[in-house]
Structures are given as structure tokens and as C-alpha cells.
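Single-letter residue listing:
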Amino acid sequence: MSPELIVALLAAAVQAAAPILFATLGEILSEKAGVLNLGVEGVMAIAAFAAFITCHVTGSATLGLLAGGLAGALLCGLHSLVCQVFLGNQVVSGLALTIFGVGLSNYLGTPYVGIGTEGFRQFAVPLLGQIPVLGAVFFRQDAMVYLGYFAPVAVWFLLSRTSLGLGLRATGEMPAAAAAAGLNPQRLRAFGVMAGGFLCGLGGAYLSLAHTHLWTTGLSGGRGWVAVALVIFAFWRPGRAVLGALLFGGVMAFQLRLQAAGTNVPSSLLLMLPYALTVLALVFSATRARSSARKAAAAPAALGVNIEPEG
Amino acid sequence: MNVVIRRRETSLGWGALVVYLGALALALGICAVLLMLSGKPGLGGLAILFRGAFGQGYSLLDGLVKAIPIFLCSLGVALSFRMQIWNIGAEGQFALGAVGATFVALALPGQPWPVLLPLMFLAAMLAGGLWGLIPAGLRLWLGVNEIISSLMLNYVGILFLEFLVFGVWKDPGSFGFPMTAEFSPGGQIGRMGPALGLNLGKLHWGLLACPLAGVAYGVFLSRTRLGFELAACGEGERVARYANLPYGFLVLLVMGLGGALAGLAGSIECSATLGRLQPTVMVGYGYTAIVVAWLARLKPWPIAFTSFLLASLRVGVEVLELRLQIPAAFGQIMEGAILLCVLAGQFFLDYSVSVRFARLRRADSAAPGLEERA
Amino acid sequence: MKHWMRTLGALALTLGFVLAGCQKGPDKAAENATTAGELKVGFVYTSPVGEAGYSWAQDQGRKAIEKLGVKTEFVESVKEGADAERVIENMARSGDQIIFATSFGFMDPTMKVAKDYPNVKFMHCSGFKSAENVDNYFGRIYQARYLTGMVAGLMTKTNILGYVAAFPIPEVIRGINAFTLGARSVNPKAQVRVVWTKTWFDPALEKDAAISLLDVNADVIAQHQDSAGPQEAAAQRGKYCIGYNSDMSKFAPKAHLTAAVWNWAPLYESIVKEVREGAWKGGRSIWWGMDKGVVDIAPYGPMVPKDVQDKVNAQKALFKKGEDKVFVGPIKDQAGQIKFAAGVKAEDKDLLGMTWFVDGVVGSVQ
């Protein structure tokens, strides 16, 4: 592979990673608060449409971005309602949300297929964009990718440096103790789920505003599921989420380029690569860091367990 | 006004039926409104949906046929959910089961069914079971979370199936299309109708696997020592290890058995409805099974009913799409809405809710011991 | 104890339902039969109709025969396994006299249902089986592919053409081969790079696949999937693209050279006419080409120069006359082995089961 090709590959990896990263961060927030949300796929689908239609009507990509996030938060609010008020099983609610969200996005979106939006275009960051290699890979992207550089830091800061984050984590580990400490676990969970929904929504908005500039249905294409898996890969840590998203996006971009370069390996095997390598990477990091890291890699203790009303 | 929520101390009994019917009515009401919003007859649409799902003998049978793989996969995942092992790999195990059965069917053509079918089932359960053991082993020995490994193995399993069907197993007589040769007659599960002299539509002998698996599941859980130990492991790994239960063995067992059941489902679907292996055998039953298992709260009879009802719902929605010419996405919206309503409705199975007005409440609050939630 | 009684009660109820239904079963077929003279036709699609793509093109054919006073109905997004059998049978039951099953994966389900409904006429698209009451049919879209290949071969500057391919099945491989032969007929230096996505519709992935081809210096992108993702990728990089299924110029007006398009109307109209006149026969393989108007290419984009258009139009005129020399030897495969000797014309069964790439294609055929 020539140097230019490698730079192109890396730039493509960053772009492919961006939507997955937003969704993974969103799911981390939700799960840290103790709510498993398997509806990410549906949330991304709805958000992609909301972002597109807002951008199409108002002409503003920023408003579209916000609409995508809000639509994601709203749909996750439904999840919150079913799981927190009606104590529904989180797995079923999430899967139902996926079916519902993908269906609604296809239903509402079909009449608009083929309409273009301005969305976010790629532009070079002054100075940084001129750096050889690094500039081309990281700083000639679109505004949402740049937003994606800050998002993990923000989520990390929220979770580990603020009292709100402390409350969220306490709710995800032991809601009863959090309540005893004077926190309101129900409200914290609702916040975690909906803020997470907002981030997943940004991931969906990325697909319709930055990744493609033509509206079409089916944009989520399984990326929500990848995000759910990457949360675990990331050990619920924003930093590792970046690594996971880049790895997955990078391998996907790599196998496409391997094909374009004219390899003779059957495509079924190449398409397996991103999924197989994610598991292998996890196995590798598990064997490398034995017991000490395993504790850190554990899921929030109360993940998936609803808070019972007293009585 | 104040809302008081209490956990029910006794089971609702027949009242459960009222709760379910109420939730269903709400869901169907929402669907009717959605139908009317898109300019179709609301109540008429519901009637078509109902007739399509339950109105005719054949529609009931169609639902039953579609429920078979869902039921088997659902039993499989329910087993591991009972001990808090999050196996979402039924889809991949289903694929491997289909691959295993096909391997036998292609390797031993022309054998009579009493030889061939049991071997196919065995191979399918072995392949599915082994595929299920991978996440179990990774979890036990390397601490890899089973959600991610089983989910990723779904993709790998399906692509492996495609690799075989697009490659070495492609039928030379299929003009290059991705399908294996048709199984010899001994490798195809027959339909029940002709043998029994009844008009049973597409119902096939694979149905028999369901009561067998269901009874075995029930007996295993409520009559065997391992079953009790498994229930005890539901409290979590630490508790299990503290109580000196064979936790690791049980994890391997439930994942292996769950994979075997999903594999069995894959082989039945392959042999009874397609008669050969094609990538189209994968339609997502492995994921549907997870919804069914939890909606049914992991109990065998409710799993059977829920599988049948969900399968029938899909059959009915197809008829609705055909009669009213509504897009397929609309069917998805309806299914999602119905699932969410029924799920939320289940709340009333476990909790009683009473509404009190402020004045009354003041009197109540004087009484000690009344737990409530505002 | 109570629990068991409840379970048994519910079981008995269900059984009662099933048995009651079974008795009613057989005579229901006639229930919805339409009045004589009015023809009712069903269409089964594998993907959503949407606004472009394979099923959309099929649906244009459905709309065309509606104008002939035929009543039509369709179901979209039908999975190609057991579900398809049920949908097709439902149509047959409800009195559809002709059923078009428009995807390869519907072949076995169609054959099974056809056996039980001898009075219904079945048309299966892109397969190879037929029966007393089943025809299979398809169009020679490879002729259109050949023409688009010529356009691409004449327009490329790098001599690298990119092809975003769906699944490695003969229909797709045949298209790639015809495209390559077309390109090399006017530009022997042209080579075609193939990337498989193993999807029929994943806009983001298909766009990424096109970008990976643009990264290896391809300057014309062709595609087989339903989404316009590859078109957009080419437009964004200022390169050219070639659409499929329908005219895709609205997705990339500045990049869209032309497209290989389906036009099912003439075929479907002719089938309806045959049925009405009682001339319809089963057991046929109907494979129409450009001469009958089932396949065509979309209008050229403004960037295609006159001389290119003239060259391609000359070839198109030959196809229109029924002169089909796309797969006439000498044709070599990727390894350089002669597959068809000079002057030998490939038979339809060779085309139907084509699983190898011609010389000039770079990439794996799986």
C-alpha cells in the first residue's frame, strides 16, 4: 500500500468511527446509570430522519443536529417510561424500541428519499490541517467529527469529575444506597437514559447530515448493535470507546480497501474481520491484564435491574 | 390526589387475562389510530389483522409453523437468562445448526429418514452447542463478557454459513445461485397433514420437537438437582461460588444446551421449510426469541403462548399489508407498539395501583405501615 | 394446582380453535375469488418499494398494468424463506389469477405454492425453474450493462473503473462481466475493480465501498445495489458514476453518466394480454432484451460528449435490432483461459450460471 492510500484509509476509519463513537458514548451513559438500552439501532434510525427533516426544512445543519439529539432523547424517554415507571424488562423494551424506531423512520422517511441536504461538509482546520499525515487524517474532516473529539472527554469529565456523574454511577451500582445518601435514583436514571439517547441521536444525525448528504432510509444499517457491543469492549470507559470505534471503523475500511486493491480472499471472510477482530481484541486485552483489570472491566452492578417501588 | 403502588402478595390468577387483554386493547387502539392517520380504516384494519392471524384454520397453522423455531430458540436463551448469563447468540447458533444439519444431509445422501434425520439433528445440536460454548468458555476462562462475544459470533456464524453456501457447498445444478443441493427425501422433515389424513397446511413433524423440548426444560428445572442449582445461580456468580455450586459447569451447560436448542431450530427450519441450505434461512428468529423469553418471564408455557402469539401477529400483519396495501414499515411500528404496551401492562400483574384523593389520603397517612410512592 | 388447570384450559381452547379452523380449511380458497372478467394480479417484492431501486422498478411495471384495467396488489419486504411461501399462498387464496414473484429467492416458495394452486398463473423473476403453471422470466440487463461499460471505458482517464457489487451470484457477476467487456471493447487498457458489500441496501456502507474504490484511483463507479450511496461518493469526489435499476441522475446530477435501467412494463403488459386472450402458457423461460424494451440505458448526463454518445448509440441500435454479441468469443477468464473460443456465442444456460470473471476484472469472484 502506498502512503497516500494509508492516509486515505486512516481518514476513512475516523469517519466510519464517528457515528459509532457517539452511540457508544450514549450507551455508556445509560448503562452507567443502570439502564441497558438495546434500542440504539432504532434511536439512531429515528434521529437520522429527525436531523435530516429539520435540516431540510430550516436549512440549518446545527438545528438538524440538535433535532437528531432531541429525537433520540425523546425515544429513550419512552424506554425510561416503560422501564422505570412500568418496571418493564429492559431487554424487551430496548428490542421493541429498535423494531418501533426503525419502522417509524422507514415509514416517515420514504417519501423524502433522494432529497439532498447541505449538512456538514469537510473542511481543514487552520494550521492543524497542514500537519503532514496527521492533518489529513484528523483535521480535514467535518464539524461533527471535531465534535466527536470532544465528546469522549466531556463524557469522561461528567462521569468521573462531577457530582452528577458520581450520582449516576452510584445509581448504576447500588440504587438503594444512592437513595439512602439522599439522591433520587429514578431521576438520575431518567437523566442518564435521555442524555445517552441524545448522544445516540447525534450518532444517527451524523449518518444523515455528514456521512451522506442524500436522505435515504436504512442508514443505521446495524451500527447501533455495534455500539452496544463496543460499550462492553470499552469496559464502560469513554477512552476505550474511542479505541473500539476506531478499531471497528478501521477494520471495516481496511477490508473494503483490500478488496479494491484486488485481493482474492472471499468477501465473506473479509466481512467477518471487524466482528471477529473485536472479539479477539477483547480476548487479547483480557489475557494481558489479568485480575486487576477485570474488576475495572465489570459491568455496573445494578445494570438491567429495575428499581422496585418500596413496599 | 395520590397514587399508591403495592406489590401484590398473591398471584392475580384469572385477573392476569384481564390485564393482558387490557394492554392488548390499548396497543390495538394505538394501531387503529395510526391506521386512521394514514388514511386507512382503523377498526376495519384491526378486523383484517385479527382474521389474518386467527380467522382461518390455515392462518392458525401458519402461526404455529412460524412459532416452532421461535419457541425452540427462546427456550434456549431462557435457560441461560435464568442464571443471569446474557446469551444473545441464538441467531448465530441457529446458523451453525443449519450448517451442521446440512453437512450430514449432503454427506449421507439417500439414507432413509430414521437414519438421516436423527443424525442431522445431532450434528445441528452439536454445532449449535459448540458455537454456544465459545462465549461460555471465553467468559469463564478469560473474563470476556458474553453479550459482546455472542453478539459478534452471530455475525461471524451467518457469514460462515454464507461462505459455505456461496463457495464449497454451492449446488452445481443451481446455476451458481447460493443454495446447496436439495436434501434427499430422507433428509426432509415431512408435513403432518398427509400422514394423518387431515388438512394441516404447512404444519410439519418438526412441531414434535417443541413439546419434547418444553417438557425436558420443565423437568430439568423443577425436578433435577442441577435445575435447582441453576435457579440458585440466578442470584449471581458470587453467591453461587459462596454456596459451593458448580457455577462454571452450569454456565457451560446452559450455553451448550441453549446453543443446541437454537441449532435444532436451525436444522428444522432448514430441513422442513427450505429442504436445502440457503442464506435466506436466516430471518432473525434468534433475536425474536430474546423478546419472547423475557415477555414470557422465562417460563415454558408462557414461552409457548408468546411464541405463538408473536408469530401469529406477524402472519396477521402480512395479511393486513396485503389487504390494505400498507408499507412493511407500518407493520414494524405496530409490532413495536404492541410489544411496548404489553410489556408496560405486565406491571399490573405484580403491582396494584390505587388512586386516592387528597382528603382521604390525609387520613390514611396516619395509619402506620402503609408504603407508598408519590 | 390452580396454575395447571389454567394452563390446561388455555391449551384446550387453542386446540379447539385449531381444529375448528381445520375443518373449515379446504373450501376457503374460493372465498374471495373475483368476478369473472376482472383480472387480479399480485406482486411480491423482497425489499421496500421506496423511491428507487429494484423493487421500485418492478412497481413501475405493476402501475403500468393497472392502467390496463387490472386490479393489482403487492407486499413489500418479504423475507425469501418460509415467509415468502405464506405470502404467495395468501395471494393465491384471495383470488389473484397471476402472481409475480420478483426475486430469485422466491423460486422454491413459488414452485411449492404453484403445485397446490394449479389454476393460478405464476411468474417467477430471475430463476431457472418452471412448471405447468409457472414461467420464469428476466431481462437481458447485461446488454444495458455492456453499453454503460462502453460509456465508462470512453470516459475514464485513469483506466480504472470501480464496481460496487452486491452478492456474488450469477446475475451480479454477469453484469460485471458485461460491463467489463463493454469497457474493453472501446478501451482495451481499462480494468474493473470489484468490491463486494454483501448487501442489497446499506447506503452508508455502499458509499464507503465506493470511496475505497475512488481511493485506488477509480474514476468511474458502477454499482448493483439499491441505494444511491455510491453515486453520492463519486459526485463528492468530482468523479463519474453509473446508476442501476432506474435513472439515478437526481442523486448525482453532475456525476451521473447514465444507468442500466429496467422497464418491466412491456413484459407485464404482454403477460396480462396473453392471460386475457387465453394464450398464456406455463413452462417457459422468458428472457427479453433491449429489442423488446425491457432493458435500456438512462439518458446521458450533460458531460458525456457527442462522439461517445454516438459510439454507444451505434451499439445500442444493434441491440435494438436484436443483434446480441455481448458474450461472443474470444472471451478469456481472469486466469487467461479461453472460456468461449472465437466466434462462439455463450448459450443462455452459460449466462444463467456464470460464476467466473472475464479477463480485465480485478478482485475475488466470491
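Keep in mind the model is a prediction, meaning the values are calculated, not measured. The numbering scheme is per chain: residues are counted from 1 as the chain's sequence reads. Chains carry letters from A onward and ligands carry numbers from 1 onward, assigned in written order. Since the coordinates come from a predicted model, pLDDT governs what is reported: local features require at least 70, and pairs of side-chain atoms require 80 or more to be given and counted, while whole-chain, interface and lining totals use all residues. Side-chain measures were taken over the full set of non-hydrogen atoms in the model, leaving aside hydrogen atoms and water.

Caption draft 1: Spatial organisation of the nonpolar core. By nonpolar core is meant a set of buried Ala, Val, Leu, Ile, Met, Phe, Trp, Tyr and Cys residues that side-chain atoms within 4.5 Å join together. Remark: exposure states derive from per-residue accessible area (1.4 Å probe, protein chains only) relative to the maximum for the residue type, with buried under 20%, exposed over 50%, and partly exposed in between. Formed by 227 residues in total, the largest nonpolar core has its most connected members in L72(B), M83(B), L161(B) and L277(B). We call two residues contacting when some pair of their heavy atoms lies within 4.5 Å. Every residue in contact with M83(B), bar those within four places of it in the chain, is listed here: L230(B), C233(B), G234(B), Y247(B), L250(B), V251(B) and V254(B). Counting residues in each nonpolar core, the second largest holds 86 residues, with F167(C), F179(C), V304(C) and W356(C) among its members.

Caption draft 2: Empty space enclosed by the protein, seen in detail. Buried and open spaces are told apart on a 1 Å grid over the protein atoms alone, a cavity being a set of points where a 1.4 Å probe fits but cannot get out and a pocket being an open set with protein on both sides within 12 Å along at least five of seven lines. Residues with an atom within 4 Å of a point are the lining residues. Grid points are joined across faces, edges and corners, and a volume is the space filled by probe spheres set on the points. Evaluation of the coordinates by the stated rule reveals eight cavities of 30 Å³ or more. Considered as a void within the structure, the largest cavity measures approximately 120 Å³ in volume. D62(B), V65(B), I189(B), R191(B), K202(B), H204(B), A272(B), T273(B), A82(C), E85(C) and R86(C) together form the lining of the largest cavity. A run of H or I in DSSP becomes a helix once it reaches four residues, and a run of E becomes a strand once it reaches two; helices and strands are each numbered from the N terminus. Taken together, the elements giving at least two residues each to the lining of the largest cavity come down to α3 (57-82) and α11 (247-274) of chain B together with α3 (82-93) of chain C. No other element matches the three residues that α3(C) contributes to the lining of the largest cavity. Each residue belonging to the lining of the largest cavity can be placed in one class, and the counts come to four nonpolar, two polar and five charged. Within this model, the second largest cavity holds a volume of roughly 60 Å³. In terms of lining residues, the second largest cavity is bounded by L36(A), L38(A), V91(A), F81(B), W86(B), I88(B) and I147(B). Under the scheme applied here, ten amino acids are nonpolar (Ala, Val, Leu, Ile, Met, Phe, Trp, Tyr, Cys and Pro), four are charged (Asp, Glu, Lys and Arg), and all others, including Gly, are polar. Per-class residue counts for the lining of the second largest cavity are seven nonpolar, no polar and no charged.

Caption draft 3: Representation of the interface of chain B and chain A. Contact residues are listed per partner, giving 43 residues for chain B and 47 residues for chain A. As used here, buried area is the combined drop in accessible area, with a 1.4 Å probe, of two parts when they are placed together. Across the interface of chain B and chain A, roughly 4100 Å² is buried in total on both sides, 80% from carbon and sulfur atoms. For salt bridges, the criterion is a side-chain nitrogen of Lys or Arg within 4 Å of an Asp or Glu carboxyl oxygen. Taken together, the links from chain B to chain A amount to zero salt bridges.

Caption draft 4: Structural view of the confidence of the model for chain B. Residue and element names in this part refer to chain B. Per-residue pLDDT for chain B has a mean of 87; in total, 95% of the residues score no lower than 70. No element of chain B has a lower mean pLDDT than helix α16 (residues 358-366), at 48, and none a higher one than helix α4 (residues 90-107), at 95. Residue-level confidence of the predictor is what pLDDT reports, using numbers from 0 through 100. Here residues 361-374 is modelled with pLDDT under 50, and outside its nearest four sequence neighbours on either side it reaches 18 contacts, counting other chains as well.

Caption draft 5: Region of the structure containing the domain arrangement of chain C. All names here are of chain C. For each domain, the first and last residues come from an automatic or database assignment. When its domains are assigned, chain C resolves into domain 1 (36-139) and domain 2 (141-262 + 295-362). The gap between the C-alpha centroids of domain 1 and domain 2 is 28 Å. Contacts between the two partners involve twelve residues from domain 1, matched on the other side by eleven residues from domain 2. Buried area between domain 1 and domain 2, both sides added, is near 930 Å², and the carbon and sulfur share of it is 64%. The three residues of domain 1 that bury the most area against domain 2 are Y54, F138 and G139, which together make up 43% of that side's buried surface. The tally of links from domain 1 across to domain 2 stands at zero salt bridges. We define a polar contact as two N or O atoms separated by no more than 3.5 Å, with the added condition that, inside protein, one atom must be a possible hydrogen donor and the other a possible acceptor, whereas residues neighbouring each other in sequence contribute only through side-chain atom pairs. The interface formed by domain 1 and domain 2 holds two residue pairs in polar contact (both at pLDDT 80 or more) in total. Elements with a minimum of two residues in the side of domain 1 that touches domain 2: α2 (54-66) and β5 (134-139). The element contributing the most residues to the side of domain 1 that touches domain 2 is α2, with three residues. Of the residues that constitute the side of domain 1 that touches domain 2, the class distribution is six nonpolar, five polar and one charged.

Caption draft 6: The arrangement of the sheet that holds β5(C) in detail. All names here are of chain C. A pair of strands is treated as paired once DSSP finds two or more bridges between them. One open sheet holds the six strands; their spatial order is β2-β1-β3-β4-β5-β11, and the pairing between them is parallel. A single partner strand is all that each edge strand has here, and the edge strands are β2 (71-75) and β11 (285-288). Geometrically, the sheet is characterised by an average inter-axis angle of 20° between neighbouring strands, direction not taken into account. In terms of strand pairing, strand β4 (residues 121-125) meets β5 through four bridges, oriented parallel. The partner of C125 across the bridge, within β5, is Y137. Contacting β1 (40-44), β2, β4 and β5, α2 crosses the sheet at an angle of about 165° to β2. For helices, the fitted line uses only the C-alpha atoms of the stretch in contact; every axis is such a line through C-alpha atoms, and the angle between N-to-C directions lies from 0 to 180 degrees.

Caption draft 7: Broad picture of the packing of aromatic side chains. Residues and elements named next belong to chain C. Pairing of aromatic rings covers Phe, Tyr and Trp, the last counted by its six-membered ring, and requires centre-to-centre distances within 6.5 Å; plane angles under 30 degrees mean stacked, over 60 mean edge-to-face, and any other angle means tilted. According to the stated counting rule, one finds 47 aromatic pairs over all chains in the structure shown. Geometrically, the ring pair formed by W262 and W264 is stacked, given 4.5 Å between the ring centres and 10° between the ring planes. Take W262: its relative accessible area is 7%, and that puts it in the buried class. Over the ring of Y244 we find R145; its NZ or CZ atom is 4.1 Å from the centre of that ring. Lysine and arginine charges are scored as sitting over a ring when NZ or CZ, respectively, is within 6 Å of the ring centre and within 35 degrees of the ring normal.

Caption draft 8: Geometry of the pattern of salt bridges. All names here are of chain C. Enumeration according to the criterion identifies 31 salt bridges over all chains in this entry. Across the salt bridge formed by D59 and R62, the nearest N and O atoms sit 2.6 Å from each other. With D59 and R62 both in helix α2 and three residues apart, the pair spans about one turn of that helix. Judged by relative accessible area, D59 falls into the buried class, the value being 3%. The class of R62 is buried, set by a relative accessible area of 8%. The partner of E89 in a salt bridge is R93, and the shortest N-O contact between them spans 3.3 Å. On the criterion of helical spacing, the pair formed by E89 and R93 is a turn pair, its members being four residues apart in helix α3.

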